[in-house]
Amino acid sequence: MAPLAWRLAQRWCPSSLQVISFPVLQLHLNRTAMRASQKDFENAMNQVKLLKKDPGNEVKLKLYALYKQATEGPCNMPKPGVFDLINKAKWGAWNALGSLPKETARQNYVDLVSSLSSSLESSSQVEPGTDRKSTGYETLMVTSEDGITKIMLNRPTKKNALNVEMYHEIMHALKAASKDDSAITVLTGNGDYYSSGNDLTNFTDIPPGGVEEKAKNGAILLREFVGCFIDFPKPLIAVVNGPAVGISVTLLGLFDAVYASDRATFHTPFSHLGQSPEGCSSYTFPKIMSPAKATEMLVFGKKLTAGEACAQGLVTEVFPDSTFQKEVWTRLKAFAKLPPNAMRISKEIIRNREKEKLHAVNAEECSVLQGRWLSDECMNAVVSFLSRKSKL
Ligand SMILES: CCCCC/C=C/CC(=O)SCCNC(=O)CCNC(=O)[C@H](O)C(C)(C)COP(=O)(O)OP(=O)(O)OC[C@H]1O[C@@H](n2cnc3c(N)ncnc32)[C@H](O)[C@@H]1OP(=O)(O)O
């Protein structure tokens, strides 16, 4: 039997559509809207065939899954048997997209192909300057157009859990976005989740210095990571496409606006995990929603619906999932046309008053968490998840 990689390579462009030779320039000029048209989608399928280099199995599975979701909707195949490795991998990737709307899948497919085209050198010419894609990210899809830099968490099969690489890549993408010519920056998730929070396998890779060194390194990384959100100079908007857990929720207190699908939920189960709040939430949440409501979330782990989170001020506005992407991106594109320097300066005035305090809170939270990570309560919770005994 041919190796898995080769057999996937033969199937990664699942369309039977004929190759239509639209120039790549047309693809970019056609993209007057953030949402991909059917023509963009077809162009992207053709682009895939022109890639010179193999993008690897993980990407090919993503392409397959997004294609199926865009054309057929949620996974409708029965789960293949354990020995049917190829179809099981494909089924897993498609199924992980959950109820992601077809239009969003189509847009994500186009974005993914576009980022591949620039990173893997398509054999076609890409017109410079019309549209920019950041390259080289393993865990993110970063695009920049219409004055908006979109940073999309891109580990849908792991519910966009943040592994160590993703923490670094987000910091890198934020630093790049702070200097690019976009007016606003958006963070969102690919697939059915916004993010399931810290990747619990981050706890498994113990360095020679043991668990103490691991906890110390984790606290240093977390402090730097949250610091990037505190200092981010442009309007930063969260487009919460689905459930959000842990650090992906706490960070929302540092965003300038939070738009959520009515499918989204907000869950900070720190006590269940033997941990404590981060992302400056011990300071921002009581201010945003009252100390008692913040306690329900951060201490007792109460999960909020999008409507509840909006009523408590954590979320700016909730949209029906069926129109979420359309309504939010229309609004964001209008915001992105506002004078960028005025927006930056207004944000600075609001944020500067709080910056010193936020950095101090961040430092304290990281130091407390460093201790929590060494506790039996935390270790037991992580082992329990990793040995598949528990889920939220
Ligand atoms: C530098 C360090 C900084 C640390 C900062 C600290 C932050 C604190 C937090 O963020 S606390 C929150 C931690 N998150 C969790 O505890 C979530 C754990 N995940 C779950 O409970 C569930 O996966 C779920 C409820 C999110 C989704 O359940 P569902 O049944 O819909 O899906 P699966 O469980 O089958 O998930 C699909 C695959 O994704 C893997 N996965 C999901 N979330 C995580 C995660 N947080 N860490 C690691 N892996 C995760 C899951 O294991 C499945 O993988 P598999 O297909 O290989 O089995």
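Conventions and cut-offs
- Residues numbered from 1 in each chain as written.
- Predicted model: local features only at pLDDT ≥ 70, side-chain atom pairs only at ≥ 80, totals over all residues.
- Heavy atoms only, no water.
- Helix = DSSP H or I, 4+ residues; strand = E, 2+ residues; numbered from the N terminus.
- Buried < 20%, exposed > 50% of the residue type's maximum accessible area, 1.4 Å probe, protein only.
- Contact = heavy atoms within 4.5 Å.
- Areas by Shrake-Rupley, 256 points an atom, 1.4 Å probe, with all protein chains shown as cover.
- Near = heavy atom within 4 Å.
- Polar contact = N/O pair within 3.5 Å; in protein donor to acceptor, adjacent residues only side chain to side chain.
- Nonpolar A, V, L, I, M, F, W, Y, C, P; charged D, E, K, R; others polar.
- Patch = residues over 30% accessible without salt bridge, like charges linked within 9 Å, V, L, I, M, F, W, Y side chains within 5 Å.
- Salt bridge = Lys/Arg side-chain N within 4 Å of Asp/Glu carboxyl O.
- Pairing = 2+ DSSP bridges.
- Axes fitted to C-alpha atoms, helices over the stretch in contact; angles between N-to-C directions.
- Parallel < 35°, antiparallel > 145°, perpendicular 65-115°, else oblique.
- Left-handed = near helix turned anticlockwise from the far one by under 90°.
- 1 Å grid on protein atoms, 1.4 Å probe; cavity = no way out; pocket = protein on both sides within 12 Å on 5 of 7 lines; lining within 4 Å.
- Points joined across faces, edges and corners; volume = space filled by probe spheres on them.
- pLDDT = per-residue confidence, 0-100.
- Phe/Tyr/Trp six-rings, centres within 6.5 Å; stacked < 30°, edge-to-face > 60°.
- Core = buried A, V, L, I, M, F, W, Y, C linked by side-chain atoms within 4.5 Å.

### Notes on the overall build of the protein
So, point 1. Looking only at helices and strands, the protein has 15 helices and ten strands in total.
So, point 2. Scored against the burial criterion, the 392 residues of the protein give a buried share of 52%.
So, point 3. Partitioning the intrachain contacts of the protein with sequence separation of at least 6 by distance along the chain shows that 75% fall at a separation of at least 24.
So, point 4. Roughly 17,800 Å² of accessible area belongs to the protein as shown, and the carbon and sulfur atoms make up 55% of that amount.

### Focus on the site of the ligand
So, point 1. Near the ligand, the surroundings consist of 26 residues, among which Lys 158, Ser 196, Asn 198, Leu 200 and Lys 391 are the closest.
So, point 2. Between the ligand and Thr 157 there is a distance of 3.4 Å, counted from an oxygen atom to a backbone nitrogen or oxygen.
So, point 3. About the coverage of the ligand: the protein hides 81% of its 1,100 Å² of free accessible area.
So, point 4. Ranked by residue count, the leading element in the shell around the ligand is helix H8 (residues 210-231), at three residues.
So, point 5. Residue composition of the shell around the ligand, grouped by class: 13 nonpolar, seven polar and six charged.

### Overview of a nonpolar patch on the surface
So, point 1. Side chains of Ile 206, Val 211, Leu 374 and Met 379 sit close together on the surface and give an oily, nonpolar patch of about 270 Å² of accessible area.
So, point 2. Residue Val 211 is classed as partly exposed on the basis of its relative accessible area, which comes to 32%.

### Some words on the sheet that holds strand E6 (residues 244-245)
So, point 1. Read across the open sheet, the three strands follow the order E6-E8-E9; overall the sheet is mixed. Looking at the sheet topology across the chains shown, the edges are occupied by E6 and strand E9 (304-305).
So, point 2. Across two bridges, E6 lies against strand E8 (residues 265-267) in parallel orientation. Considered in E8, the bridge of Ala 244 is made with Phe 266.

### Here's the deal with the packing of helix H7 (residues 164-179) against H8
So, point 1. Taken N-terminus to C-terminus, the directions of H7 and H8 make an angle of 30 degrees; their axes are 10 Å apart at the nearest point. Between H7 and H8, the crossing angle belongs to the class labelled roughly parallel. Crossing geometry of H7 relative to H8 is assigned as left-handed. Taken together, the residues of H8 that come into contact with H7 (itself represented by Val 164, Tyr 167, His 168, Ile 170, Met 171, Leu 174 and Lys 175) are Leu 221, Glu 224, Phe 225, Cys 228 and Phe 229.
So, point 2. Partitioning the contact of H7 with H8 into residue classes produces nine nonpolar, one polar and two charged.

### Describing the layout of surface pockets
So, point 1. In this structure, the second largest pocket occupies an estimated 460 Å³ of space.
So, point 2. Residue lining of the second largest pocket: 21 residues in total, with Leu 254, Phe 255, Asp 256, Ile 350 and Arg 351 positioned closest to the centre.
So, point 3. The element that contributes the greatest number of residues to the lining of the second largest pocket is helix H14 (residues 340-372), accounting for seven residues.
So, point 4. Class assignment of the residues belonging to the lining of the second largest pocket gives a composition of 13 nonpolar, three polar and five charged.

### Observations concerning the confidence of the model for the protein
In low-pLDDT segments, the atomic positions of the prediction should not be examined closely.
So, point 1. A residue-level look at the protein finds 84% of positions with pLDDT of 70 or above and a mean pLDDT of 85.
So, point 2. Note that residues 1-33 has pLDDT below 50 and, in this model, 67 contacts with residues that lie over four places away or in other chains.
So, point 3. Confidence drops under a pLDDT of 50 for residues 121-132, and excluding neighbours within four residues, the segment shows 26 contacts in the predicted structure.
So, point 4. On the interface metric, ipTM, the complex scores 0.99, and its pTM is 0.73.

### A look at the packing of aromatic side chains
So, point 1. Applying the stated criterion across every chain yields a total of eight aromatic pairs.
So, point 2. Relative to Trp 373, the ring of Phe 203 has its centre 6.1 Å away and its plane inclined at 70 degrees; by these criteria the two rings are edge-to-face. Pair noted here: Phe 203 is in the loop between strand E4 (184-189) and H8 and Trp 373 is in the loop between H14 and helix H15 (376-386), with a separation of 170 residues, a long-range link.
So, point 3. Under the relative-accessibility criterion, Trp 373 is labelled buried at 12%.
So, point 4. Between the aromatic rings of Phe 319 and Phe 324, the centroid separation amounts to 6.2 Å while the plane-to-plane angle is 50 degrees, which identifies the pairing as tilted.
So, point 5. Of the residues examined, Phe 319 reaches a relative accessible area of 3% and is grouped as buried.
So, point 6. An aromatic cluster is built from Tyr 167, Phe 225, Phe 229 and Phe 255, whose rings are joined through pairwise contacts.

### Focus on the nonpolar core
So, point 1. Counting residues in hydrophobic clusters, the biggest one holds 61 residues, and the most contacted among them are Phe 225, Phe 229, Val 240, Phe 255 and Phe 266.
So, point 2. Take this core: its biggest share by element is nine residues, from H8.
So, point 3. Once residues within four sequence positions are removed from consideration, Phe 229 is found in contact with Ile 170, Leu 174, Leu 187, Leu 236, Leu 251, Leu 254, Phe 255 and Arg 351.
So, point 4. In terms of nonpolar packing, the next biggest core, distinct from the first, is built from 28 residues, Val 59, Leu 61, Ala 105 and Val 113 among them.

### Notes on the pattern of salt bridges
So, point 1. If you walk through the whole model with that rule in mind, you get 13 salt bridges.
So, point 2. Two residues, Asp 192 and Lys 159, come together in a salt bridge whose shortest N-O distance is 3.2 Å. Here the residue Asp 192 occupies a position in the loop between E4 and H8, and Lys 159 occupies one in the loop between strand E3 (148-153) and H7, the gap between them amounting to 33 residues.
So, point 3. Here Asp 192 falls in the buried class, since its relative accessible area comes to 11%.
So, point 4. Judged by its relative accessible area of 29%, Lys 159 is partly exposed.
So, point 5. When the shortest N-O distance is used, the salt bridge between Asp 231 and Lys 355 registers 3.8 Å. Of this pair, Asp 231 sits in helix H8 while Lys 355 sits in helix H14, and the two are 124 residues apart along the sequence.

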